[in-house]
Amino acid sequence: MHEEGESQQIELLLVEEDDLAAKRIGEMLSGSRVATFALHRVTEVDQALYALQHEQFGAVLMDLGLHDAHTLDSLLRARFAAKSVPIVVLAYQDDEALALRAVKSGAAEFLIKGEVSATLLSRTLLHAIERHRMLQEVEQAKARESFLARNDPLTRLSNRYAFREELGEAMDVARENDRDLSLVFVDLDGFKAVNDNLGHAAGDELLVDVANRLRRWVGEEAIVARLGGDEFVFTVPASVPYADVIPWAEELRTHIEEVYHVAGLETWVGASLGIATAPRDAERPDELTRCADAAMYQAKSLGRGRVCTYTEHLRDMASERFELINGLREAIHGGDLALVYQPQIDVNDQRIVAFEALVRWLHPVRGMVPPSEFIPVAEEAGMVVPLGEWVLRKAATVLKEMAPPDVGMAVNVSSRQLSQRDFAETVQRTIRELDLEPSRLEIELTESACADRQVIRSLHALREIGVRIAIDDFGTGYSSFTLLKDIPAHVVKIDKSFVQRARAGSKDEVILGAIIQMVTALGLDVIAEGIETTEAMNLLYHRGCMRMQGYLFSKPEEARDALPLASRPDAPWRECLERLDDSAFLPRPPRD
Ligand code: C2E
Ligand code: MG
Ligand code: MG
């Protein structure tokens, strides 16, 4: 911008065939008080085009009058050659139509020859220049906006959206040329520490440096994008043969792991890389990205700082999962599920108070599949609700038909089941249909399942019906006593890992004792699972936990073996109770 009163120096390209006219124009412009025009005169359009390509001008003044019908085409060409220069045209009075067309074709202004005065000429040129400058600013702002829509502002690499599109195009090209296309997913190791220790500005600096290293490594042809945080992706250039992709990526990894100078300090980060290749691993962009991501995840889980490919192994895992889901679906409908039952013993009353029903999958090929392998899959695949309904009905039927009337049944449920609005109704229906005493049924859920509001509602509804509620695996999660205050539980079940860690005289034993005391003080029952040894039994007994469950007494067994344990006088669990140590309850000798 020029301050008022300040004289502007303008390089003006004059396209004028007529010497006399050129002279007149020169005279008129030399009298301007607001700008100094430095005139560069040419006589032909072609000369003008040449000049525009080789020199910088503030504006072009072009006489249309003497030219033929091709002038407009020339004008257009001139405009193309010098996009950043406004063009003002001069025309004869009877050529006004032509002048107008010139404006439509991109001229900034037109002037009629007979009407031109010195002031009008310089003012028109200056207006054209100023307007042109403003238009350019708008264009630059638009360009900036569209850059930001497709690029990461920090590293200037493509962003997630642009990447998806670019990858699609690159995959099309590779397919047309019958070539492989490898995609590499990079996640930095230890980047958070840089951010935390050196600050976000330093973290940003490092990311820019990583982006530059990647760009230099892969070259201008390849796609490089930042997907967010410290995650980058790029395609392997076609010049790298498939067989060399891994060593090539390994070399890049060591390059990323070289020292960084940020915030005036030396620092380092590691990198985990995952590679997937189209078409062998995937045929669509999203799928290929997912595969590379899975491979990167594999690199992370194998200890970071390495390159992994989306190998057959990974693919096998995915298809195994697929088979598992299908098999499980069939098992739920086809009767390949079974329940086993493990007794819960009250060591004080010397009797079995309940059984816990535990589900098994009798797989035609793999044999007995434990619930830890298929319950999470059932949850993800939305099958845990029908599975749970089957478990509930089966366990309740066994309870009704095979257990003595003073024995209960504990059934595990997943949070997915409890977050079904009609869960309590399903339970009530089962109880009614089997004519069961509701308090003989105990629903076991884990602490973490209580996060959801609907779960809490279901629990209240269950309690209303008279069903008992147990918090399973207590001691593995937050072990929150506030939670115990808020949820309507009857029983707390101390997790087996906790029980097994607690040796006599250890801190764990003290904590265990405190949990038992606190739970009892809240008016809840306490049960310990995973009792495998006489020591564990006695340790819990001395701390006041009377209900126990574990391999020491019995492993989970089929109904026909498990249920009779409650009434058989010679059942092995009774022998265990003979080893209960009552001496700890005797008064201790006074200390001196
Ligand atoms: P959980 O409810 O905590 O069940 C106790 C697990 O510990 C059972 O494993 C049981 O066999 C095992 N166990 C019992 N006594 C001992 C012992 O003395 N030592 C050791 N080391 N382990 C013992 P299981 O049957 O493999 O079940 C694992 C988990 O699967 C269960 O943990 C429960 O959370 C879940 N689960 C089992 N059945 C069902 C079901 O029908 N529905 C749902 N949603 N989950 C179930
Ligand atoms: Mg359980
Ligand atoms: Mg448990």
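If you're wondering where the values come from, they're calculated on a predicted model, not measured in any experiment.

Caption draft 1: Region of interest: the coordination of the magnesium ion (ligand 3). D472 (OD), D473 (OD), E529 (OE) and E529 (OE) make up the full set of protein donors to the magnesium ion (ligand 3), lying at 1.9 to 2.5 Å. One chain supplies every donor to the magnesium ion (ligand 3), and in sequence these donors are spaced D-D-x55-E.

Caption draft 2: Layout of the domain arrangement of the protein. Each domain of the protein was delimited in the assignment, giving domain 1 (8-148), domain 2 (160-310) and domain 3 (338-360 + 382-577). Here the C-alpha centre of domain 3 lies 49 Å away from the C-alpha centre of domain 2.

Caption draft 3: Layout of the site of ligand 1. The full set close to ligand 1 counts 23 residues, and R360, N412, D472, E532 and Y551 are the nearest of them. The separation between an oxygen atom of ligand 1 and a polar side-chain atom of E356 is 3.0 Å. Between ligand 1 and the protein, one listed contact pairs an oxygen atom with a side-chain N or O atom of K496 at 3.0 Å. If you list the elements that add at least two residues to the shell around ligand 1, you get strand 14 (351-363), helix 12 (371-380), strand 18 (468-474) and helix 18 (496-501). The element that contributes the greatest number of residues to the shell around ligand 1 is strand 14, accounting for four residues. In the shell around ligand 1, the residues fall into nine nonpolar, six polar and eight charged.

Caption draft 4: Seen up close, the sheet that holds strand 1 (residues 8-15). An order of 2-1-3-4-5 is seen for the five strands of this open sheet, with the pairing classed as parallel. Bordering the open sheet on either side are strand 2 (35-42) and strand 5 (109-112), each of which pairs with just one other strand. Going across the sheet, the axis of each strand differs from the next one's by a mean of 25°, ignoring polarity. Here four bridges tie strand 4 (residues 87-91) to strand 5, and the two strands are oriented parallel to one another.

Caption draft 5: Structural detail: unusual backbone geometry. The omega angle of the peptide bond from A278 to P279 is 0°, so this bond is cis rather than trans. By the secondary structure assignment, P279 is in the loop between strand 11 (270-278) and helix 10 (285-301). A positive phi angle, near 55°, is found at D435, a position not held by glycine. Looking at the secondary structure, you find D435 in the loop between helix 15 (423-434) and strand 17 (441-446). For D435, a relative accessible area of 59% puts it in the exposed group.

Caption draft 6: Main features of the nonpolar core. Ranked by internal contacts, the top residues of the largest apolar core, which has 89 residues, are Y341, L445, L462, I531 and F553. For this core, the element with the most residues is helix 13 (residues 384-402), which contributes eight residues. Apart from residues lying up to four places away in sequence, F553 is in contact with I345, V347, I531, M537, M548, W573, C576 and L577.

Caption draft 7: Just the coordination of the magnesium ion (ligand 2), in detail. Here the magnesium ion (ligand 2) is held by the protein donor atoms E356 (OE), N412 (OD1), E444 (OE) and D472 (OD), which lie 2.0 to 2.2 Å from it. Donor residues for the magnesium ion (ligand 2) sit on one chain with the sequence pattern E-x55-N-x31-E-x27-D. The distance between the magnesium ion (ligand 2) and the magnesium ion (ligand 3) is 4.2 Å, with D472 acting as a donor to both metals. Of the two residues, E356 sits in strand 14 while D472 sits in strand 18, which places them 116 residues apart along the sequence. This pair shows no difference in class: E356 is buried, exactly as D472 is.

Caption draft 8: Spotlight on the packing of helix 13 against helix 15. Two elements in contact, helix 13 and helix 15, have axes separated by 10 Å at closest approach and are oriented at 30°. Relative to helix 15, the element helix 13 lies roughly parallel. Read as a crossing pair, helix 13 and helix 15 show a hand that is right-handed. Where helix 13 abuts helix 15, its residues E389, L392, R393, A396, T397 and K400 lie against T426, V427, T430, E433 and L434.

Caption draft 9: Representation of the pattern of salt bridges. Tallied over the entire structure, the rule returns 33 salt bridges. When the shortest N-O distance is used, the salt bridge between D187 and K300 registers 2.9 Å. Remark: K300 occurs in helix 10 and D187 occurs in strand 6 (residues 181-189); sequence separation between them is 113 residues. As far as the burial class goes, D187 and K300 line up, both buried. Connected via shared salt-bridge partners are E356, E444, K493 and E529.

Caption draft 10: How the structure looks around the pairing of strand 17. Counted residue by residue, strand 17 has five buried out of six residues, so it is predominantly covered. Bridging between strand 16 (residues 408-412) and strand 17 involves four bridges; their strand directions are parallel. Bridge pairing in strand 17 links V411 to I443. Where strand 17 lies against strand 18, five bridges are found, and the strand directions are parallel. Directly across from E442, in strand 18, lies its bridge partner R468.

Caption draft 11: Focus on a negative patch on the surface. Residues E17, D18, E44 and D46 make up a contiguous surface patch of negative charge. When you line up the elements, D18 lands in the loop between strand 1 and helix 1 (19-30).

Caption draft 12: Looking closely at the sheet that holds strand 12 (residues 307-309). Spatially, five strands are ordered 7-8-6-11-12 in an open sheet, and the strand pairing comes out mixed. Either end of the sheet is taken by a strand with one partner, and the two such strands are strand 7 (224-228) and strand 12. Each strand of the sheet is rotated relative to its neighbour by a mean of 20°, with strand direction disregarded. With five bridges joining them, strand 6 and strand 8 (residues 231-235) adopt antiparallel strand pairing. Residue pairing in the sheet places V186 in a bridge with F232 of strand 8. Strand contacts of helix 6 (residues 160-176): strand 6, strand 7, strand 8 and strand 11, with the helix running at about 150° to strand 6, the strand carrying the most contacts. Of the strands in this sheet, strand 6, strand 7 and strand 8 touch helix 8 (residues 200-218), which is tilted by about 10° from strand 8.

Each value, and the rule that gives it
Residues numbered from 1 in each chain as written. Chains lettered and ligands numbered in written order. Predicted model: local features only at pLDDT ≥ 70, side-chain atom pairs only at ≥ 80, totals over all residues. Heavy atoms only, no water. Donors = N, O, S within 2.8 Å, 3.2 Å for Na, K, Ca; no water. Domains from an automatic or database assignment. Near = heavy atom within 4 Å. Polar contact = N/O pair within 3.5 Å; in protein donor to acceptor, adjacent residues only side chain to side chain. Helix = DSSP H or I, 4+ residues; strand = E, 2+ residues; numbered from the N terminus. Nonpolar A, V, L, I, M, F, W, Y, C, P; charged D, E, K, R; others polar. Pairing = 2+ DSSP bridges. Axes fitted to C-alpha atoms, helices over the stretch in contact; angles between N-to-C directions. Buried < 20%, exposed > 50% of the residue type's maximum accessible area, 1.4 Å probe, protein only. Core = buried A, V, L, I, M, F, W, Y, C linked by side-chain atoms within 4.5 Å. Contact = heavy atoms within 4.5 Å. Parallel < 35°, antiparallel > 145°, perpendicular 65-115°, else oblique. Left-handed = near helix turned anticlockwise from the far one by under 90°. Salt bridge = Lys/Arg side-chain N within 4 Å of Asp/Glu carboxyl O. Patch = residues over 30% accessible without salt bridge, like charges linked within 9 Å, V, L, I, M, F, W, Y side chains within 5 Å. Areas by Shrake-Rupley, 256 points an atom, 1.4 Å probe, with all protein chains shown as cover. Lys, Arg positive; Asp, Glu negative; His and termini not counted. Charge placed at Lys NZ, Arg CZ, Asp CG, Glu CD.

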